[in-house]
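Below are the chains, spelled out letter by letter.
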Amino acid sequence: MEKEKNIEIHETAFLTSTLRSLNEDLSQDYFAKLWRNPKSDIWIEKYLDRVSSEEINIHCLRNRYFLDTIKKLVDDNNVEVLINFGCGFSMYPFLLDERLVHIEIDKPEIIDYKKSKLTDWQNSDTLPKRNIHFIAVDFSEDYKHDLLTQIFSIKNNKPCFILIEGVLFFLDREETDKLFDFFDTIQKPGDFIGSVSFQDTLKESLAFRKLLDLLNQIVSNTKESDYQTIEDDYYRSQPAYQLIDHQDYFSLSAKYGNVIKLNKEEILNENFYLLKKSN
Ligand SMILES: C[S@@+](CC[C@H](N)C(=O)[O-])C[C@H]1O[C@@H](n2cnc3c(N)ncnc32)[C@H](O)[C@@H]1O
């Protein structure tokens, strides 16, 4: 089949933001729409049609779950810094208490563009002013020493929440292990990680086959093993962390009153994990 116009991995960030903007009541992300553009609107239409129309509410509930979780931890004075690994165009800084310090980390293409747009929008009062630090890093490269220095110079010993959502699918297991070791190095007991991944069984579903077909056409020649899935045990066996909450699209739909329209086979069911550092 002839290739359609390609999309880069980092451009998936536009698609995620667009999805969040399509049901604001559910996502409670009132700024995601700022990132919309004609190219991503066309992709979204294809994506919803060819992969799964349930993707809108999955992405909205993912945002809502982490937004509510972090809000509560901030209100209870358990978190002062939010570090978003593979932040894309998510808009948590503007949806959370203004006292929070933000560290936004992603590939240089995303960070340069996000920094410039957020600066413009804050200067024109389209967005409220927030304390945001941007760091460009590729998780496939050797980042440990420099990133450690930069993060410590910003957060000192303040309690932090690390968020990694919509990213692990694109990384391999070695890169993931390296990141979780890194999280352990920068966090103190009582700090949190919020992580999103798909379970192995996803690869047996009709929705995944449809996703792979589409990715094959639009990203490059891709195969099943290019996309990582993660079992619950990966989180349960992190030596320094305790798994304190685990949700998925079905449990969050029940919690937030979302009516699911498609059957299980047609849904890319994301899993949401909350870990707390114990030692
Ligand atoms: C689907 S987007 C999700 C963005 C954001 N976390 C969200 O939920 O809105 C995936 C993000 O992961 C980032 N990413 C993927 N591979 C990466 C890597 N090797 N290093 C740094 N960032 C990466 C992409 O640039 C992109 O912003």
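Just so we're clear, the structure is a prediction, and the values are computed from it rather than from any experiment. (Residues numbered from 1 in each chain as written. Predicted model: local features only at pLDDT ≥ 70, side-chain atom pairs only at ≥ 80, totals over all residues.)

Enquirer: Give a description of the overall build of the protein that names residues and reports values.
Expert: Scanning the protein from terminus to terminus reveals 11 helices and 7 strands. Taken over the C-alpha trace, the protein has a radius of gyration of 18 Å; the compact-globule value for 279 residues is 19 Å, and the two agree within 12%. By its C-alpha atoms, the protein is 50 × 45 × 40 Å across when sized along the principal axes. Residues classed as buried in the protein amount to 34% of the 279 residues present. Across the protein, the fraction of contacts at a sequence separation of at least 24, relative to all contacts at a separation of at least 6, is 77%. (Helix = DSSP H or I, 4+ residues; strand = E, 2+ residues; numbered from the N terminus. Rg over C-alpha atoms; globule rule 2.2 N^0.38 Å. Buried ≥ 20, exposed ≤ 12 C-beta atoms within 10 Å, placed from the backbone. Contact = placed C-beta atoms within 7 Å.)

Enquirer: Could you give me a rundown of the site of the ligand, with the residues and numbers involved?
Expert: With respect to spatial proximity, 19 residues lie near the ligand, and among them H10, A13, G86, G88 and G166 are the closest. Of all the elements, helix α1 (residues 12-21) adds the most residues to the shell around the ligand, at 3 residues. Taken together, the residues that form the shell around the ligand break down as 7 nonpolar, 8 polar and 4 charged. (Near = placed C-beta within 6 Å. Nonpolar A, V, L, I, M, F, W, Y, C, P; charged D, E, K, R; others polar.)

Enquirer: Summarise unusual backbone geometry; cite the residues concerned and give the values.
Expert: Keep in mind that most residues, glycine aside, have a negative phi and that most peptide bonds are trans. Notably, N77 is not glycine yet its phi reads approximately 60°, a positive angle. A positive phi angle, near 60°, is found at D125, a position not held by glycine. You can see D125 is positioned in the loop between α6 (108-123) and β3 (131-136). D125 gets classed as exposed once you count the C-beta atoms within 10 Å, which come to 8.

Enquirer: Give me the pairing of strand β1 (residues 81-85): which residues, what numbers.
Expert: In terms of residue burial, β1 counts as a mostly covered element, since 5 of its 5 residues are buried. A two-sided burial pattern is seen for β1, the buried positions comprising V81, I83 and F85 on one face and L82 and N84 on the other. Here 5 bridges tie β1 to strand β2 (residues 101-106), and the two strands are oriented parallel to one another. Across the sheet, residue I83 finds its bridge partner in β2, namely I103. (Pairing = 2+ DSSP bridges.)

Enquirer: Kindly report on the packing of helix α4 (residues 55-75) against helix α11 (residues 249-256), identifying the contributing residues and their values.
Expert: Running from N to C, α4 and α11 cross one another at 70°; their axes reach a closest spacing of 10 Å. Considering the angle they form, α4 stands roughly perpendicular to α11. For the pair formed by α4 and α11, the contact residues are I58, L61, R64 and Y65 on the first element and Y249, L252, S253 and Y256 on the second. Its residues assigned to classes, the contact of α4 with α11 comprises 6 nonpolar, 1 polar and 1 charged. (Axes fitted to C-alpha atoms, helices over the stretch in contact; angles between N-to-C directions. Parallel < 35°, antiparallel > 145°, perpendicular 65-115°, else oblique.)

Enquirer: I'd like a description of the sheet that holds β3, backed by residues and values.
Expert: Sheet strands pair by backbone hydrogen bonding; their relative direction is either parallel or antiparallel. Strand order in the open sheet formed by 7 strands is β3-β2-β1-β4-β5-β7-β6, and the pairing between neighbours is mixed. In this open sheet, the two strands that pair with only one neighbour each are β3 and β6 (241-248). Going from strand to strand, the sheet's axes swing by 15° on average, the running direction of each strand aside. Inspection of the sheet shows β2 paired to β3 by 6 bridges, in the parallel sense. In the strand pairing of β3, I103 is matched with H133. Each of β2 and β3 touches α6; the most contacted strand, β3, lies at about 155° to it.

Enquirer: Residue-level account of the environment of W35, with values.
Expert: Secondary-structure assignment places W35 in the loop between α2 (24-27) and α3 (38-50). Not counting the four nearest positions on each side in its chain, W35 is found in contact with F14, S17 and F89.

Take it as geometry only, folks, not as evidence of what the structure does.
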